[in-house]
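Chain and residue survey
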Amino acid sequence: MTEVRRPSAPLRAGEMSDRLLAERAFSRAAGGPLLGGNAVELLIDAAAHYDAWLTAIRGARRRVLLENYIFRDDEVGCAFRDALVERAKAGVLVAVVVDWLGCLGQSRSRFWSPLRAAGGAVRIFNPPQMGEPFGWIARDHRKLLAVDGVHGFLSGVCISAKWLGNPSRNVPPWRDTGVAVRGPAVAEIEAAFAASWRSLGPALRDAAMVPESAEPAGSVTLRVIATQPPYASLYRLDQLIASTARTTLWLTDAYFVGIAPYVQALVAAARDGVDVRMLVPGSSDIPVIAGVSRTGYRPLLKAGIRVFEWNGSMLHAKTAVADRQWARVGSSNLNISSWLGNHEIDVAVEDANFAGLLADQYELDLQNATEIVLAPRRYRRSERIRDSTARPPRIRRAGGSTGRAAAGALRIANSVGAALANHRVLADASGGPLLAGASAAAALSVIAVLWPRWIAWPFAAVVGWFSVNLGIRVWRQFRKQRRKAGDTADDDNR
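Just so it is clear, the model here is predicted, and its values are computed rather than measured.

Quick word on the overall build of the protein
- When helices and strands are tallied, the protein shows 14 helices and 17 strands.
- Across the 494 residues of the protein, 43% fall into the buried class.
- Sequence-distant contacts, at least 24 apart, represent 84% of the contacts inside the protein between residues at least 6 apart.
- Of the roughly 26,600 Å² of accessible surface on the protein, 57% is carried by carbon and sulfur atoms.

Here's what the structure looks like:
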């Protein structure tokens, strides 16, 4: 657990004014109060998470509130479900929220039957439903656990053996980060869960939900940021941090797809002398997003932002640390889906000791990462041929197998050089997505000409789906208006 060491010297008037102004700005951006008296522990990778989570669940006496995007029917998922079943049988309130899309193909309804039979409750977030044609877009991407109002956990880790890697195939564990929290902030984590639960049905009305007294557990100050679409509170906070960082801003993200305003904020910080770094996966479980992410490297690198790719199996952490004074850990990625489309939860810690621990971990992670650099210019402007009429020397190009062998040897040399220097020159990544898009468009055009039904039938199904759903919404609205008009007439008759 980390503790705060308060400065002994009093703040000057100007520093106090700046601090109060920053406090107000952060509170308004994040939408969450700054809470003192907490203890925070940094959790690294899934094994540490699962041990801490299961220990807390098995020791529960009053309530277990668990919300996670993916809950998989495998050895890890079954261990968690069995622990929840045991607590439910012991009379502990057990409530679980999982996302429908996240668990699609991961776990089915029958997986939860033992827990429901033991008295536990499980709700599925946002399954497809008639009358909501765009409802499926919003997802519950949170990963939180709260036990007895005493222990709180926030993370990027889902409940799946995939996070542990595959030792039999030499696949290392996924790199992920989370926190364990004790103190007044746990009540905020429980409130976030209660809001999710209430959005899916009746509220939790059990006597076990009576909040505990907020006993201080440490001296760390933090904010719990529970976001819902479309308020974008975390986006505003990320923008604010990029604008106020003075010396360092180190980011780790699993699915970075920065929108223009945020990229501009990072670029402006770098040009103002801030050491901005971005650590992203080298290989991703969603290759399409990785490709899109790479197309955005060039403007970052040109502005002096350092970009690193993780060399392990998958980097899934979502963290930020600024000036070794402020840190963020949670479920939110730096993309439009997390900022505007999902239910997310993060913790923003304003503590030098904790931020220092996260910064040290960041530097440790960079030892297993490859830095991406721009290709050096082949010649400078002053070295160009001054005589514009002079013909450039003719370059003899090798052809056939000789040319291919030379190109292959060059690629091998570049790879070896990257391994020795621990950096890799950025290729023109924009060509890949463009080629894929052009190929897909060409394939669709050929299908439309040769087999028009293959295009017409899916199009008709999609249009029909939207028309039925919009019709249901109109009918529901009409029924609501009639009911309201009937209630008004009854009041007038009285």
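Topic: the pattern of salt bridges
- Within this structure, the stated rule accounts for 15 salt bridges.
- The partner of Arg-63 in a salt bridge is Glu-190, and the shortest N-O contact between them spans 2.7 Å. Separated by 127 residues along the polypeptide, Arg-63 in strand S2 (residues 63–68) and Glu-190 in helix H5 (residues 185–199) bring together distant segments of the chain.

Focus on empty space enclosed by the protein
- If you walk through the whole model with that rule in mind, you get three cavities of 30 Å³ or more.
- Quantified by volume, the largest cavity comes out at close to 70 Å³.
- Ala-254, Pro-281, Ser-284, Ala-290 and Ser-293 are the residues nearest the centre of the largest cavity, which is lined by 13 residues in total.
- Elements with a contribution of two residues or more to the lining of the largest cavity: strand S11 (275–281) and helix H8 (287–295).
- The element best represented in the lining of the largest cavity is H8, accounting for four residues.
- When the residues that make up the lining of the largest cavity are grouped by side-chain class, the tally is nine nonpolar, two polar and two charged.
- There is about 50 Å³ of room inside the second largest cavity.
- For the second largest cavity, the full set of lining residues is Arg-175, Thr-177, Thr-252, Ala-317, Thr-319, Leu-358, Gln-361, Tyr-362 and Asp-365.
- Here the lining of the second largest cavity gets four residues from one element, more than from any other, and that element is helix H11 (residues 352–366).

Let's talk about helix H7 (residues 260–271)
- Its twelve residues give H7 an end-to-end C-alpha distance of 16 Å, which sits within 8% of 16 Å, the value for a rise of 1.5 Å per residue.
- Considered for burial, the residues of H7 that qualify are Tyr-262, Val-263, Ala-265, Leu-266, Val-267, Ala-269 and Ala-270.
- Buried residues along H7 sit in contact with helix H6 (233–244), strand S10 (248–252), S11, helix H9 (297–302) and helix H10 (336–341).
- Count one or two residues on from H7 and you reach Gly-273, which has phi positive near 100°.

Quick word on H11
- If you check H11, its first and last C-alpha atoms are 21 Å apart, about what 15 residues at 1.5 Å a residue would give, namely 21 Å.
- Within the span of H11, buried status applies to Phe-354, Ala-355, Gly-356, Leu-358, Ala-359, Gln-361, Tyr-362, Asp-365 and Leu-366.
- One side-chain oxygen at the N-terminal end of H11 lies 3.2 Å from the backbone nitrogen of Asn-353; it belongs to Asp-351.

Let's talk about the layout of surface pockets
- Put simply, the second largest pocket is a space of about 420 Å³.
- If you tally residues by element for the lining of the second largest pocket, the top one is H10, at three residues.

Notes on the packing of aromatic side chains
- The tally for this structure, following the rule as stated, stands at eleven aromatic pairs.
- Note on Phe-71 and Trp-112: the rings are 4.6 Å apart at their centroids and 70° apart in plane angle, and the pair reads as edge-to-face. Of this pair, Phe-71 sits in the loop between S2 and helix H3 (75–89) while Trp-112 sits in the loop between strand S3 (93–99) and helix H4 (113–117), and the two are 41 residues apart along the sequence.
- An angle of 25° between the planes, with centres 5.9 Å apart, marks the rings of Phe-193 and Trp-197 as stacked.

With respect to the packing of H6 against H7
- Where H6 contacts H7, the axes come no closer than 9 Å and their chain directions differ by 20°. Judged on the interaxial angle alone, H7 and H6 are roughly parallel. The interaxial crossing formed by H6 with H7 has left-handed handedness. Where H6 abuts H7, its residues Tyr-235, Asp-238, Gln-239 and Ala-242 lie against Pro-261, Tyr-262, Ala-265, Leu-266 and Ala-269.
- When the residues that make up the contact of H6 with H7 are grouped by side-chain class, the tally is seven nonpolar, one polar and one charged.

Comments concerning unusual backbone geometry
- Look at Asp-45: it is not a glycine, yet its phi comes out positive at around 70°.
- Judged by relative accessible area, which is 23%, Asp-45 ranks as partly exposed.
- Of note in the backbone geometry, Asp-323 takes a positive phi value of approximately 60° without being a glycine.
- With respect to the helices, strands and loops of the structure, Asp-323 is situated in the loop between strand S13 (319–322) and strand S14 (326–330).

Re the packing of helix H2 (residues 45–58) against H3
- At their nearest, the axes of H2 and H3 sit 9 Å apart, and the two run at 15° to each other. Comparing the axis directions of H2 and H3 gives the class roughly parallel. Viewed along their axes, H2 and H3 form a crossing whose handedness is left-handed. The residues of H3 that touch H2, namely those facing Tyr-50, Trp-53, Leu-54, Ile-57 and Arg-58, are Val-76, Ala-79, Phe-80, Ala-83, Leu-84 and Arg-87.
- In terms of residue class, the contact of H2 with H3 is made up of nine nonpolar, no polar and two charged.

Let's talk about the nonpolar core
- Phe-71, Phe-80, Val-96 and Leu-115 are the most contacted members of the largest nonpolar core, which has 42 residues in total.
- If you list the elements that add at least two residues to this core, you get H2, S2, H3, S3 and strand S6 (143–147).
- Sequence-distant contacts of Val-96, that is, excluding residues within four places in its chain, are made with Leu-66, Leu-84, Trp-112, Leu-115, Ala-121, Val-122, Arg-123, Phe-193 and Trp-197.
- Phe-26, Ala-29, Ala-242 and Val-276 belong to the second largest nonpolar core, which has 40 residues in total.

What counts and how
Position numbers for residues start from 1 in each chain and track the written sequence from start to end. In view of the model being predicted, local features appear only for residues whose pLDDT reaches at least 70, and side-chain atom pairs are presented and counted only at 80 or more, with totals across whole chains, interfaces and linings using the full set of residues. To obtain the side-chain values, all non-hydrogen atoms of the structure were included, while hydrogens and water were left out. By the criteria applied, helices consist of DSSP H or I runs no shorter than four residues and strands consist of E runs no shorter than two, each listed in order from the N terminus. Buried residues are those whose accessible area, probed at 1.4 Å on protein chains only, stays under 20% of the maximum for their type, while exposed residues exceed 50% and partly exposed ones sit between those limits. Contacts are assigned to residue pairs that have any heavy atoms within 4.5 Å of one another. Surface accessibility in these figures is a Shrake-Rupley result with a 1.4 Å probe; residues are shielded only by whichever protein chains are displayed. Throughout this description, the term salt bridge denotes a Lys or Arg side-chain nitrogen within 4 Å of a carboxyl oxygen of Asp or Glu. Residues are called lining when one of their atoms sits within 4 Å of a cavity or pocket point, these points coming from a 1 Å grid over the protein atoms alone, where a cavity is a set in which a 1.4 Å probe fits but cannot get out and a pocket is an open set with protein on both sides within 12 Å along at least five of seven lines. Grid points are joined across faces, edges and corners, and a volume is the space filled by probe spheres set on the points. Ten residues, namely Ala, Val, Leu, Ile, Met, Phe, Trp, Tyr, Cys and Pro, are considered nonpolar, four, namely Asp, Glu, Lys and Arg, are considered charged, and the remaining ones, Gly among them, are considered polar. Multiply 1.5 Å by the residue count of a helix minus one, and that product is the helix's expected span. Between N or O atoms, a polar contact is any pair within 3.5 Å; within protein, one atom must be a potential hydrogen donor and the other a potential acceptor, and residues adjacent in sequence are included only when both atoms are from side chains. Side-chain rings of Phe, Tyr and Trp (the six-membered ring for Trp) are treated as a pair once their centres are within 6.5 Å; stacked means planes under 30 degrees apart, edge-to-face means over 60, and tilted covers the remaining angles. Where helices are involved, their axes are fitted lines through C-alpha atoms of the stretch in contact, as for all axes, and angles between N-to-C directions lie from 0 to 180°. Roughly parallel covers angles under 35 degrees, roughly antiparallel covers those over 145, roughly perpendicular covers 65 to 115, and oblique covers all other angles. If you view the pair so one helix is near and one far, a crossing is left-handed when the near helix is turned anticlockwise from the far one by less than a right angle, and right-handed when it is turned clockwise. Here, the term nonpolar core denotes a set of buried Ala, Val, Leu, Ile, Met, Phe, Trp, Tyr and Cys residues that are joined through side-chain atoms within 4.5 Å.

Everything listed here is a matter of coordinates, which is why it stays silent on function.
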